[in-house]
Amino acid sequence: MEESITQNIYSIKSIIKCDLMKKKTTVILLILTLSIYALNINVQKTAEENNYRPTSLELTPHDRISITSDSDFLVFPGSGTAENPYVIEGYNITTGDEGIYIRGTTKYFIIRNCYVDAREYGIYIDDVADGTATVINNTCNNNNYYGISLSSTVRATVANNTFTNCGLRIAEDTIDAYLSYTVSNNWVNGKKLGLYINLDSTIIAEPVYGQLILVNCTNATVRDQILNSASTGLFLYSCTSSVIINNTCNNNNWSGIWLWDSCNSTVANNTCSNNNRGCIYLDYSGSSTVANNTCSNNNNDVIYLSYSGNSTVANNTCNNNNDYGICLYVSSCSTVANNTFTNCGLRIAEDTIDAYLSYTVSNNWVNGKKLGLYINLDSTIIAEPVYGQLILVNCTNVTVRDQILNNATVGLSLDRCTSSVIINNTCSNNNHGGILFWFSGSSTIVNNTCSNNNYRGISLEFSGSSTVTNNTCSNNNGEGIRLLHSNFCVLSYNLLQENEGYGVSLGQISWGIIEYNLLILQENDEYGVYLLYNSDNLIHHNTFVDNNLGGFSQAFDEGSNNLWYDTETSEGNYWSDWSGTGSYSIAGFAGSEDLYPLDEPAEYSTDENPLIFMFTLLILVVPLLLTRIISKKVKKK
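Just so it is clear, the model here is predicted, and its values are computed rather than measured.

Caption draft 1: Local environment of the overall build of the chain. Assigned secondary structure in the chain consists of five helices and 62 strands. Considering the chain as a whole, with its 637 residues, one finds that 51% of them fall into the buried category. Summarising the internal contacts of the chain: among those between residues at least 6 apart in sequence, 43% fall at separations of at least 24. Here the chain displays about 27,300 Å² of accessible surface, and carbon together with sulfur accounts for 49% of that area.

Caption draft 2: Seen up close, the sheet that holds strand β18 (residues 203–204). Read from one edge to the other, the open sheet built from eight strands follows the order β18-β20-β22-β24-β27-β30-β33-β36, with strand pairing classed as parallel. The open sheet is flanked by β18 and β36 (360–362), the only strands paired with a single partner. Relative to strand β20 (residues 221–223), β18 runs parallel, the two sharing two bridges. Within β20, the position partnered with Ile204 by the bridge is Val222.

Caption draft 3: Structural view of the pattern of salt bridges. Here the structure, examined in full by the defined rule, presents ten salt bridges. Between Arg103 and Asp126 there is a salt bridge, with the nearest N and O atoms lying 2.8 Å from each other. Of this pair, Arg103 sits in strand β5 (residues 100–103) while Asp126 sits in strand β8 (residues 123–126), placing them 23 residues apart in sequence. The class of Arg103 is partly exposed, set by a relative accessible area of 39%. The class for Asp126 is buried, based on a relative accessible area of 8%.

Caption draft 4: Summary view of the pairing of strand β32 (residues 326–329). Looking at chain direction, strand β29 (residues 303–306) and β32 are connected through four bridges and run parallel. Within β32, the position partnered with Ser306 by the bridge is Tyr329. In terms of strand pairing, β32 meets strand β35 (residues 346–349) through four bridges, oriented parallel. Opposite Ile326, over in β35, you have Leu346 as the bridge partner.

Caption draft 5: Structural detail: the packing of aromatic side chains. In total, this model carries 32 aromatic pairs according to the counting rule given. Where Tyr196 meets Tyr209, the ring centres are 6.0 Å apart and the plane angle is 85°; that geometry is what we call edge-to-face. Here Tyr196 is found in strand β17 (residues 191–197), whereas its partner Tyr209 is found in strand β19 (residues 209–215), with 13 residues between them in sequence. The exposure class assigned to Tyr196 is partly exposed, which follows from its relative accessible area of 26%. Pairing Tyr502 with Tyr530 gives two aromatic rings, centres 4.2 Å apart and planes at 15°, and the pair type is stacked. You can see Tyr502 sitting in the loop between β52 (495–497) and β53 (504–507) and its partner Tyr530 sitting in strand β56 (residues 529–535), a full 28 residues away along the chain. Exposure remark for Tyr502: the relative accessible area of 18% places this residue in the buried category. Put simply, the rings of Tyr101, Tyr121, Tyr124, Tyr145, Tyr146 and Trp254 pair up and form one aromatic cluster.

Caption draft 6: Examining the side chain of Ser231 more closely. Tracing the backbone shows Ser231 in the loop between β20 and β21 (234–237). Of note is the side chain of Ser231, whose polar atom sits 2.7 Å from the backbone nitrogen of Gly167. If near-sequence neighbours (up to four positions away) are discounted, Ser231 is found in contact with Tyr145, Tyr146, Gly147, Cys166, Gly167, Asn252, Asn253, Trp254 and Ser255.

Caption draft 7: Representation of the sheet that holds strand β41 (residues 399–401) within the structure. With parallel pairing, the eight strands of this open sheet are ordered in space as β39-β41-β43-β45-β48-β51-β54-β57. The open sheet is flanked by β39 (381–382) and β57 (538–540), the only strands paired with a single partner. The pairing of strand β45 (residues 444–446) with strand β48 (residues 467–469) spans three bridges and is parallel. By the bridge assignment for β48, Ile445 is matched with Val468.

Caption draft 8: Main features of the environment of Pro85. If you trace the backbone, Pro85 turns up in the loop between β2 (65–67) and β3 (86–89). You can call Pro85 buried: its relative accessible area is 15%. Measuring from C-alpha to C-alpha, the distance between Pro85 and Thr132 comes to 8.4 Å, with 47 residues separating the pair along the chain.

Caption draft 9: Main features of the state of the cysteines. In total, this model carries zero disulfides according to the counting rule given. Cysteine Cys473 remains unbridged, with the sulfur of Cys450 as its closest cysteine sulfur at 4.9 Å. Among the residues examined, Cys473 registers a relative accessible area of 0% and is labelled buried.

Caption draft 10: Spotlight on the layout of surface pockets. By volume, the largest pocket amounts to about 530 Å³. Taken together, 28 residues line the largest pocket, and the ones lying closest to its centre are Arg347, Ala349, Asp415, Leu436 and Trp438. Broken down by secondary-structure element, the contributors of at least two residues to the lining of the largest pocket are β35, β40 (387–393), β42 (412–415), β44 (435–438) and β47 (458–461). Tallying contributions element by element places β35 first for the lining of the largest pocket, with four residues. Here the residues of the lining of the largest pocket are counted per class, giving 13 nonpolar, eight polar and seven charged. The volume enclosed by the second largest pocket comes to roughly 370 Å³. Arg169, Ala171, Phe235, Trp258 and Trp260 are the residues nearest the centre of the second largest pocket, which is lined by 19 residues in total.

Caption draft 11: Broad picture of the nonpolar core. Ranked by size, the top nonpolar core spans 51 residues in total, and within it Ile88 and Ile102 carry the most contacts. The contact partners of Ile102, leaving out residues within four places of it in the chain, are Ile67, Phe73, Ile88, Phe109, Ile111, Tyr124, Ile125, Asp126 and Val128. Core analysis: the second largest hydrophobic core is formed by 42 residues, Leu214, Cys217, Leu227 and Ile257 among them.

Caption draft 12: Just the environment of Asn339, in detail. Tracing the chain through its elements places Asn339 in the loop between β33 (335–337) and β34 (340–342). Between the alpha carbons of Asn339 and Cys318 there is a distance of 7.7 Å; along the sequence they are 21 residues apart. If we skip the residues at most four places from it in the chain, Asn339 touches Val313, Ala314, Asn315, Asn316, Ile326, Asn363, Asn364 and Trp365.

Caption draft 13: A look at the environment of Ile458. In this structure, Ile458 sits in strand β47. The exposure class assigned to Ile458 is buried, which follows from its relative accessible area of 0%. A C-alpha to C-alpha distance of 8.1 Å links Ile458 and Glu479, two positions 21 residues apart in sequence. Setting aside residues up to four positions removed in sequence, Ile458 forms contacts with Ile435, Ile445, Cys450, Val468, Asn471, Cys473, Gly480, Ile481 and Arg482.

Caption draft 14: The arrangement of the side chain of Ser420 in detail. Positionally, Ser420 belongs in the loop between β42 and β43 (421–423). Not counting residues within four places of it along the chain, the set of residues in contact with Ser420 comprises Val398, Leu414, Ser442, Ser443 and Thr444.

Caption draft 15: Region of interest: the pairing of strand β6 (residues 109–112). In this sheet, β6 lies alongside β3 in parallel orientation, the contact comprising four bridges. Residue pairing for β6: Tyr86 is matched across the bridge by Phe109. As paired elements, β6 and strand β9 (residues 133–136) share four bridges and run parallel to each other. When the sheet's bridge partners are listed, Ile111 is paired in β9 with Val135.

Procedures and definitions
- Residues numbered from 1 in each chain as written.
- Predicted model: local features only at pLDDT ≥ 70, side-chain atom pairs only at ≥ 80, totals over all residues.
- Heavy atoms only, no water.
- Helix = DSSP H or I, 4+ residues; strand = E, 2+ residues; numbered from the N terminus.
- Buried < 20%, exposed > 50% of the residue type's maximum accessible area, 1.4 Å probe, protein only.
- Contact = heavy atoms within 4.5 Å.
- Areas by Shrake-Rupley, 256 points an atom, 1.4 Å probe, with all protein chains shown as cover.
- Pairing = 2+ DSSP bridges.
- Salt bridge = Lys/Arg side-chain N within 4 Å of Asp/Glu carboxyl O.
- Phe/Tyr/Trp six-rings, centres within 6.5 Å; stacked < 30°, edge-to-face > 60°.
- Polar contact = N/O pair within 3.5 Å; in protein donor to acceptor, adjacent residues only side chain to side chain.
- Disulfide = S-S within 2.5 Å.
- 1 Å grid on protein atoms, 1.4 Å probe; cavity = no way out; pocket = protein on both sides within 12 Å on 5 of 7 lines; lining within 4 Å.
- Points joined across faces, edges and corners; volume = space filled by probe spheres on them.
- Nonpolar A, V, L, I, M, F, W, Y, C, P; charged D, E, K, R; others polar.
- Core = buried A, V, L, I, M, F, W, Y, C linked by side-chain atoms within 4.5 Å.

In structure tokens form, the structure reads like this:
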């Protein structure tokens, strides 16, 4: 500006020297020039004042603000017109959930000069009238999802906001909607927030961004960026033939890299670690390549392809991720090859056998052992313990035995298999369960150890007419054994100990038998057996010890016609908290009762190994009973 003014003055002096007759005109021009200079100084000063950002201590503390109708604005100054919008200003909002939540309104409003530190979204705006939202000059800190989230908020203005450990989300259905936004001068962790629309054949390589959003770009390359501690580090919407290479996307609250409706893309040589909602997501982004990425210590699915078929996922390293290392959901005709998993694994979810058959899955490794995916096996025995994870699809009469399937995603999963025998396997410390059956009935699960798994030890879903016997399920984060929509199943002689969820959970099950199980949930709050929407099941001769501590019952029943005793022998179950007289009441709306409680634990003996359960009784149940007897004697004294 000063250079421009100097040039103007120099020009004026030249005019005076060259033509004295124009002296009067020159003086006027000089006055006008100096006036413009003074006006510019005033404009700058005003802008600086508008950009002043008060500290959180200077603001007024305020609870969460929730506005779901125009009338909710009435507590704030303004009238809701374009000339006089409602103003939400000068608040320090530190809270759970959303800090400022606005949805379904038609009035004009401004959110400015607020400090928001919320557990989920800082400022969340959805489905408001076009052009009514302005969000300026706010500070959003440490929001676990997004600092500012806008959806169905066409022609909104987002300017001069500062994000720390969070970022911006804009979710619209059309390119025109994105183009209608005014987004400027926002900062993420001290670096620029970049929103680019309609780029073509552009390289973004200068590492000046804290978060990047690309919309409707073609042949764009994003490389060498450090996009850490934002919400989603890099988000692409409706882009084509993008190249995402050599970026670092760590510690983001959502995902590291997220492509939506962005086909023919390449995501390669990126490092994505410690992200809360996964690492690399491709939604509706088929014919893409995800290769040579390192993904470590992420929550949820790490490399996740949804409706993104004809893609290649190869040569990636997935370490210590809390859910799946790689998950492909309805992404048929894809290749999964040469990937290395440590403490996680692979999941493929398809609706048809043909879709499974369309995959090429080869040379993947889980914890230094093979990842086995087998489809359409018949009358086969898998006994060689060379696998780190096993997936069986549409197999018949297959026996899996003597495997050690630990620290994977699901140790052993069966999808649409029949007459399987799963025997003598160890499936422990897996991120998503030990053994999982899905539409795989008429099976036998016997003598397996499933402990310390996230979610549950053994799970049967839509897998009726199966037998689960003589298994040990302990210290799982969810249920020991879970059955869902699996009628005519028998659960017997299982040791269910100290699982954080229920010992046995049945959902919408009929004509099942639960017998001779040992259920010990010391110092846990859940029920030993939990029945929800079940009918006509028989539960007898089980030993319940210290389940649902603090509650009045160790079991729960909200079904119908479930019997908690054997009608032939008039013997029920052993309950460590039974008074010794009368029946034992079962919690739940069913109002069930065990009419014939046992005075002592049931005798455990099976044809497979009668000594195992006797030994278990000696080392587990007897000390508990002795402790209870001694405690009662002390109380009497």
